2 protein chains.
Amino acid sequence: MADHLHFRDAAAVVGTSQPALSSAVAALEEALGTQLVERTTRRVLLTPAGERVARHARRVLDALDDLVDEAESARRPFTGPLHLGVIPTVAPYVLPTLLRLVRDEYRELDLYVHEEQTHSLLDGLAAGRLDLLLLALPAGVPGVDEIPVYDEDFTLVVPEGHPLAGCQGVPRAQLRDMDILLLDEGHCLRDQALDVCREVGAAEAGATRAASLPTLVQLVAGGLGATLLPETAIGVETRPGSRLAVARFTDPAPYRRIGLVLRASTGRAAEFSQLAESLRQSIADLPVRVVRG
Amino acid sequence: MADHLHFRDAAAVVGTSQPALSSAVAALEEALGTQLVERTTRRVLLTPAGERVARHARRVLDALDDLVDEAESARRPFTGPLHLGVIPTVAPYVLPTLLRLVRDEYRELDLYVHEEQTHSLLDGLAAGRLDLLLLALPAGVPGVDEIPVYDEDFTLVVPEGHPLAGCQGVPRAQLRDMDILLLDEGHCLRDQALDVCREVGAAEAGATRAASLPTLVQLVAGGLGATLLPETAIGVETRPGSRLAVARFTDPAPYRRIGLVLRASTGRAAEFSQLAESLRQSIADLPVRVVRG
DNA sequence: ACGTTTGATAGGGAGTAGTTATCAGTACCC
DNA sequence: GGGTACTGATAACTACTCCCTATCAAACGT
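Predicted model only: the values in this text are computed from it and were never measured.

1. Considering the packing of aromatic side chains
Line of reasoning, step 1. For the structure on display, the rule yields 2 aromatic pairs over all chains.
Line of reasoning, step 2. Taking the centre distance of 4.5 Å and the plane angle of 35° together, the rings of Phe78 of chain B and Tyr106 of chain B count as tilted. Highlighted residues: Phe78 of chain B in the loop between α3 (48-75) and β3 (80-86) and Tyr106 of chain B in the loop between α4 (91-105) and β4 (109-115), separated in sequence by 28 residues.
Line of reasoning, step 3. Note on Phe78 of chain B: relative accessible area 9%, which makes it buried.
Line of reasoning, step 4. What makes Tyr106 of chain B buried here is its relative accessible area of 7%.
Line of reasoning, step 5. In this structure, Arg289 of chain A is placed above the aromatic ring of Tyr255 of chain A, and the distance from its NZ or CZ to the ring centre is 5.6 Å.

2. Focus: the pairing of strand β5 (residues 132-137) of chain B
All names here are of chain B.
Line of reasoning, step 1. Burial analysis of β5 places 6 of its 6 residues in the buried class, which makes it a mostly covered element.
Line of reasoning, step 2. For β3 and β5, the ladder comprises 3 bridges, and the chain directions are parallel. Considered in β5, the bridge of Gly85 is made with Leu133.
Line of reasoning, step 3. Here 5 bridges tie β5 to strand β11 (residues 255-263), and the two strands are oriented antiparallel to one another.

3. Observations regarding the protein's contact with DNA strand D
Line of reasoning, step 1. In the neighbourhood of DNA strand D, 18 residues make up the surrounding shell, with Phe7, Ser22, Arg39 and Thr41 of chain A together with Ser17 of chain B lying closest.
Line of reasoning, step 2. In the interface set of DNA strand D, defined as its atoms within 4 Å of the protein, sugar plus phosphate atoms amount to 67%.
Line of reasoning, step 3. Note that a phosphate oxygen of DNA strand D is positioned 2.7 Å from one of the backbone N or O atoms of Phe7 of chain A.
Line of reasoning, step 4. Measuring from a phosphate oxygen of DNA strand D, one finds a side-chain N or O atom of Thr16 of chain B at 3.0 Å.
Line of reasoning, step 5. Those elements that place two or more of their residues in the surface near DNA strand D are α1 (7-14) and α2 (18-32) of chain A together with α2 (18-32) of chain B.

4. As for helix α4 (residues 91-105) of chain A
Line of reasoning, step 1. Across its 15 residues, α4 of chain A extends 20 Å between first and last C-alpha, which sits within 8% of the 21 Å expected from 1.5 Å per residue.
Line of reasoning, step 2. Of the positions making up α4 of chain A, those classed as buried are Ala91, Tyr93, Val94, Leu95, Thr97, Leu98, Leu101 and Val102 of chain A.

5. Examining the pattern of salt bridges
Line of reasoning, step 1. Tallied over the entire structure, the rule returns 40 salt bridges over all chains.
Line of reasoning, step 2. Taking the shortest distance from any N to any O, the salt bridge between Arg209 of chain B and Glu185 of chain B comes out at 3.5 Å. Taken together, the residues Arg209 of chain B in strand β8 (residues 204-210) and Glu185 of chain B in the loop between β7 (180-183) and α6 (188-200) connect sequence positions 24 residues apart.
Line of reasoning, step 3. Here the salt bridges do not stand alone but share partners, grouping Glu185, Arg190, Glu204 and Arg209 of chain A into one network.

6. Description of the packing of α4 of chain A against helix α9 (residues 269-282) of chain A
Residue and element names in this part refer to chain A.
Line of reasoning, step 1. Packing of α4 against α9 brings their axes to within 10 Å, and their N-to-C directions diverge by 115°. Handedness of the crossing formed by α4 with α9: right-handed. For the pair α4 and α9, contact is made by Val94, Thr97, Leu98, Leu101 and Glu105 and by Ser278, Leu279 and Ser282, respectively.
Line of reasoning, step 2. Taken together, the residues that form the contact of α4 with α9 break down as 4 nonpolar, 3 polar and 1 charged.

7. Comments concerning the protein's contact with DNA strand C
Line of reasoning, step 1. Looking at DNA strand C, there are 18 residues lining it, with Ser17 of chain A together with Arg8, Ser22, Arg39 and Arg42 of chain B nearest.
Line of reasoning, step 2. Restricting attention to atoms of DNA strand C within 4 Å of the protein, one finds that 64% of them are sugar or phosphate atoms.
Line of reasoning, step 3. Here a phosphate oxygen of DNA strand C and a side-chain polar atom of Thr16 of chain A are 2.8 Å apart.
Line of reasoning, step 4. Contact between DNA strand C and Arg8 of chain B: a base nitrogen at 2.8 Å from a side-chain N or O atom of the residue.
Line of reasoning, step 5. Where the surface near DNA strand C is concerned, the elements lending two or more residues are α2 of chain A together with α1 (7-14) and α2 of chain B.
Line of reasoning, step 6. Class assignment of the residues belonging to the surface near DNA strand C gives a composition of 6 nonpolar, 8 polar and 4 charged.

8. Here's the deal with the interface of chain B and chain A
Line of reasoning, step 1. Listed by partner, the interface residues are 37 residues for chain B and 38 residues for chain A.
Line of reasoning, step 2. Summed over both partners, the interface of chain B with chain A buries about 3200 Å², with 59% contributed by carbon and sulfur atoms.
Line of reasoning, step 3. Three residues stand out in chain B for area buried against chain A, namely Glu38, Arg52 and Leu67 of chain B, and they jointly supply 17% of the buried area on that side.
Line of reasoning, step 4. Across the chain B-chain A interface, the total number found is 4 salt bridges.
Line of reasoning, step 5. With a closest N to O distance of 2.6 Å, Glu38 of chain B and Arg263 of chain A form a salt bridge.
Line of reasoning, step 6. Joining chain B to chain A, the criterion identifies 10 residue pairs in polar contact (both at pLDDT 80 or more).
Line of reasoning, step 7. No other element matches α3 of chain B, which puts 18 residues into the side of chain B that touches chain A.
Line of reasoning, step 8. Of the residues contributing to the side of chain B that touches chain A, the split by class is 16 nonpolar, 11 polar and 10 charged.

9. Topic: the domain arrangement of chain A
Line of reasoning, step 1. Once the domains are mapped, chain A shows domain 1 (7-75) and domain 2 (79-293).
Line of reasoning, step 2. Each of domain 1 of chain A and domain 2 of chain A has a C-alpha centre, and these two points are 60 Å apart.

10. Here's the deal with the side chain of Glu237 of chain B
All names here are of chain B.
Line of reasoning, step 1. For Glu237, the location among the structural elements is in helix α8 (residues 231-237).
Line of reasoning, step 2. At 5.7 Å, Arg239 is the nearest oppositely charged side chain to Glu237, a buried residue that forms no salt bridge.
Line of reasoning, step 3. Only 2.6 Å separates the side chain of Glu237 from the side chain of Tyr93, close enough to count as a polar contact.

11. Focus on the environment of Ala211 of chain B
Residue and element names in this part refer to chain B.
Line of reasoning, step 1. With respect to the element layout, Ala211 can be found in the loop between β8 and α7 (213-221).
Line of reasoning, step 2. Taking C-alpha positions, Ala211 is 19 Å from Val94, a pair spaced 117 residues apart along the chain.
Line of reasoning, step 3. Non-local contacts of Ala211, meaning those with residues more than four positions away in its chain, are made with Leu183, Asp184 and His187.

Quick notes on the rules
- Residues numbered from 1 in each chain as written.
- Chains lettered and ligands numbered in written order.
- Predicted model: local features only at pLDDT ≥ 70, side-chain atom pairs only at ≥ 80, totals over all residues.
- Heavy atoms only, no water.
- Phe/Tyr/Trp six-rings, centres within 6.5 Å; stacked < 30°, edge-to-face > 60°.
- Helix = DSSP H or I, 4+ residues; strand = E, 2+ residues; numbered from the N terminus.
- Buried < 20%, exposed > 50% of the residue type's maximum accessible area, 1.4 Å probe, protein only.
- Lys NZ or Arg CZ within 6 Å of the ring centre and 35° of its normal.
- Pairing = 2+ DSSP bridges.
- Near = heavy atom within 4 Å.
- Polar contact = N/O pair within 3.5 Å; in protein donor to acceptor, adjacent residues only side chain to side chain.
- Expected span 1.5 Å × (residues − 1).
- Salt bridge = Lys/Arg side-chain N within 4 Å of Asp/Glu carboxyl O.
- Axes fitted to C-alpha atoms, helices over the stretch in contact; angles between N-to-C directions.
- Left-handed = near helix turned anticlockwise from the far one by under 90°.
- Contact = heavy atoms within 4.5 Å.
- Nonpolar A, V, L, I, M, F, W, Y, C, P; charged D, E, K, R; others polar.
- Buried area = accessible area lost by both parts, 1.4 Å probe.
- Domains from an automatic or database assignment.
- Lys, Arg positive; Asp, Glu negative; His and termini not counted.

Right, dumping it as structure tokens:
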């Protein structure tokens, strides 16, 4: 309208009829309480107020276009921010792979990694602070969906020179005769190891608990006892010179399942499923068993 | 909605019902093709896309507020731009008064003065380039309204020492015996003076025409003839030392009517009428007869 | 297991907004 | 000067949208 200064032409451009536009402009003037256009049967002019309103209207429309563009781009999956929560006993060993994956295949994904314990992650997921979690399954809370990614065995870690060092077929019952060191309360790995111990009637060694896996292995290296580590941690934590040795359990070894957790209501389920599959393919070099479905 | 994360609360704030808001959000999502909020029967969360859309929506609303504010301020008369066209034979003598008036009483008025000849002003008015004109009435074109402001007599200007110098009752017929100098074509003052001359059968002196009033009086001072000047110009153009003298015509003297001209469709008629009245009061010190209505 | 609270859905009614047809005024052209 | 064509406004009618009340189904907390 402001461009054409002609009701019929402008109406045609907008795809409506001249009376409709006419009354629309009249309604706008009524609403604003200001005359916007000067009408003659021969000429249409914008009043100064009309000029300014038209300028502002263009700004409004621009902002609307931006909004639509934003929505348009948001419709593409694997773009925009993704807040991923990862438990501390998984993060150090899987993140390198995951970050490389995102960098190579999901360039437009803004990945924010939050390393917290399971309960905190689940709270964050429910509150909307986090979008996706990578932790040990099952999460055991309602309202979430789980996508398994891989299983990893637990491995026995002992001090260098320990009788079991390098042993490939340790029966779980052997744990009863050992001092088992565990992580602090709150780490799910602690509970998982405890489960294994309880299963065979083994007990935690005294009150010594570690705040992190590196600390834990230091305790083991110091000869205070043995511990259970997930396979993915072995390569990093028991490197040569660490004064540690590993021992495998008899098949089937105890294991934990690691997977993605998302809100059941998320609407990005398909996207996350695909992400899970990409992750499975990326961790082929880790000592884990990929799990689908 | 983005603020409350709760359909019922948000609906209450907006002043509508929960189903209405629910379907509105659904419709928006449909239109944008993107999920904006995650709904649980227990919790409402914005998706990343929803966050961004909400941010953009706020910008849209801000722009709309600006628009409304703009209209609001535009509703106040005597604010914003006013493009005033003035003829050259009026501008130098009335503008000082007018500008002082605007500066003192209409501080928020952005006055732009355009000094052009009548036909150009009328074109500009019709085209919307100008909002208001100050010129000699009648304009003689359709579609415009006229507001008379004042009448000013024509005064005879002669060289110093001329037989009529200082004479207070010169009959118009006297013009027949004089060399009358006039402005260039296009100046309405030329036509007005010509009318006076024709009335009594007087003729223009040769081909000598001036482009401006100052030039014209220089010609008179140089002894090339006499001319007719509007009263408002006398004080400025025939100051002491200008080697000019004036003579008044017998009552009733020839005169011209000066007034405002606006588009009949303008919608600012009331504003301009008030401006005219202010102008009338401001020019009390000029040698004119104020005219109302 | 039950009650409360949440968002979604169904159905009906009112108001808006669009359509076509027509009017009235103006400029242009012969 | 008169006719013509084109302008925006108006009228009457229609259709649709939007909103409301009432109700439902699911999920959390007790």
